[in-house]
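Structure at a glance
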Amino acid sequence: MVNANCLTACFVLPTPLFLGNRSHETDDNILQVIRHWFNILHRLHIYFKKQPNFDKQMFFFTFFLFALIVLTMKFYTVARGRKTGIFTSWSDAQRQVKGFSGARFKSFKTKQEALAFLEDPSCTNSASSKKKKSGHQQPANYEYPENAVIVYTDGGAIGNPGPGGYGVVFETGETFSGGFNLTTNNRMELLAVIVALEALEGETRPICLHSDSRYVVNGITKNWANAWKRRNWKKSDGTPALNSDLWQRLLGHLSGLDVRFIWVKGHAGNPLNEACDILANSTAHMPGLPDDTGYLKSRKSLFGN
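Rules of the game
- Throughout this document, residue positions are counted from 1 along each chain, in the order its sequence is written.
- Since the coordinates come from a predicted model, pLDDT governs what is reported: local features require at least 70, and pairs of side-chain atoms require 80 or more to be given and counted, while whole-chain, interface and lining totals use all residues.
- Derived side-chain values reflect all non-hydrogen atoms in the structure, with water molecules and hydrogen atoms excluded from consideration.
- Note on conventions: DSSP H or I runs of at least 4 residues are helices, E runs of at least 2 residues are strands, and numbering of each starts at the N terminus.
- What is meant by a nonpolar core is a set of buried Ala, Val, Leu, Ile, Met, Phe, Trp, Tyr and Cys residues, joined one to another through side-chain atoms within 4.5 Å.
- The buried label applies to any residue whose accessible area, calculated with a 1.4 Å probe on protein chains only, is under 20% of its type's maximum; exposed applies above 50%, and partly exposed to all values in between.
- Working rule for contacts: check all heavy atoms of both residues, and any pair within 4.5 Å makes them a contact.
- This arc describes the spread of directions from the helix axis toward the C-beta atoms.
- In summary, the pairing rule links any two rings of Phe, Tyr or Trp, Trp by its six-membered ring, whose centres are within 6.5 Å, and it sorts them by plane angle into stacked for under 30 degrees, edge-to-face for over 60 and tilted for everything else.
- By the criterion adopted, a ring carries a charge over it if an Arg CZ or a Lys NZ lies within 6 Å of its centre and within 35 degrees of its normal.

Digging into unusual backbone geometry
With an omega of 5°, the peptide bond running from Asn 160 to Pro 161 counts as cis. Among the structural elements, Pro 161 can be located in the loop between strand 4 (149-157) and strand 5 (162-170). For Asn 232, which is not glycine, the phi dihedral falls at a positive 60°.

Focus on the nonpolar core
Trp 247, Leu 250 and Phe 261 are the most contacted members of the largest nonpolar core, which totals 34 residues. Of all the secondary-structure elements, those providing two or more residues to this core are strand 4, strand 5, helix 7 (185-199), strand 7 (207-211), helix 8 (214-221), helix 9 (224-230), helix 10 (244-254) and strand 8 (259-263). The element best represented in this core is helix 7, accounting for nine residues. Setting aside residues no more than four positions away along its own chain, Phe 261 makes contact with Val 193, Leu 209, Val 216, Val 217, Ile 220, Thr 221, Leu 250 and Leu 254. Within the second largest apolar cluster, 20 residues are counted, among which are Val 97, Tyr 144, Ala 148 and Ala 275.

Some details on helix 10
For helix 10, every residue scored as buried is listed here: Leu 246, Trp 247, Leu 250, Leu 251 and Leu 254. Taken around the axis of helix 10, the buried residues stretch over an arc of 135°, which confines them to a single face. Looking at the buried positions of helix 10, the neighbouring elements they touch are helix 7, helix 8, helix 9 and strand 8. Among the residues trailing helix 10, Gly 256 stands out with phi positive, at a value near 85°.

Digging into the packing of aromatic side chains
By convention here, two paired aromatic rings are described through the distance between centres and the angle between planes. Overall, the coordinates contain four aromatic pairs when judged by the stated rule. Arranged with centres 5.4 Å apart and planes meeting at 65°, the rings of Tyr 215 and Trp 247 form a pair that is edge-to-face. A residue pair is termed long-range when its members are at least 10 positions apart, and Tyr 215 in helix 8 and Trp 247 in helix 10 qualify at 32 residues. Assessed through its relative accessible area of 0%, Trp 247 is described here as buried. When the ring of Trp 224 is compared with that of Trp 228, the centres are 6.3 Å apart and the planes differ by 40°; the resulting orientation is tilted. Pair noted here: Trp 224 and Trp 228 are both in helix 9, with a separation of four residues, about one helical turn. Residue Trp 224 is classed as partly exposed on the basis of its relative accessible area of 33%. Feature note: the residues Tyr 215, Trp 224, Trp 228 and Trp 247 constitute an aromatic cluster, connected by ring pairs. If you follow Arg 214 out to its NZ or CZ, it ends over the ring of Trp 263, 3.7 Å from the centre.

Set out below in structure tokens:
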């Protein structure tokens with residue numbers, strides 16, 4: 001039987017490598033990863049040598065650790081930012097791009113793909129999916145208008161309701177993010193779209209806006225929001241339509257813009273969707289976030305607290 005101390009060695013000790021507490025040079029980072037994992041294996045070897053079924057248990061954990069390396073290792077390429085290069089942790093890469101106008105960055109599974117993007121950010125040679133020149137992964141069976149503006153949005157709240165954040169990533173690399181100390185998943189999904197459309201005010205090109213929220217996409221494409229508005233923000237059963245303050249803002253921004261809402265599956269390897277998710281989550285964990293006054297007001301009217 002494996003005790004808690006052994007499991008701690010497997011799961012806790014490797015964490016800093018993947019959360020980004022190491023150096024910025026890629027080759028040095030890889031070498032540090034290898035040394036670190038061999039150190040873990042050495043400790044496990046000493047432990048398991050004292051246990052019955054030594055060979056079987058050691059084989060299992062050796063296989064598990066190396067599988068974990070393969071599955072979790074990523075390379076983050078910053079082609080345009082405060083410092084360019086390839087990073088092995090998102091926290092290091094994020095410091096180079098957050099708040100940097102026109103930043104361009106992307107995550108890869110292999111170093112070869114990361115180097116190719118660094119040399120030419122306008123294209124990738126990934127064979128895993130069909131992409132446009134910029135590395136944007138197209139949803140299946142969707143024909144994009146010529147010269148379209150490509151933007152991805154995402155949002156969420158820890159605990160729902162709880163601290164929340166949103167992220168907006170344009171195909172060009174421009175990003176926006178923000179959050180509140182108490183809000184909901186749906187409000188952050190809506191606000192991400194609103195912020196994207198505010199940044200595109202006056203745009204004459206077609207806009208392809210991607211979201212992994214069916215609540216947001218169906219609210220527009222299935223005309224739910226307009227129906228709620230016609231009924232004075234009531235659903236068909238007479239109950240209040242939530243987040244009416246944000247839906248009104250969103251509908252107002254659609255006027256004069258050619259926006260196509262496209263649903264994408266979340267956490268499915270789409271680089272721009274993943275970048276939005278990272279921005280939203282990192283913002284939600286920040287201290288000192290402001291109040292979401294719209295949410296607090298609606299909560300008070302619905303629940304009296």
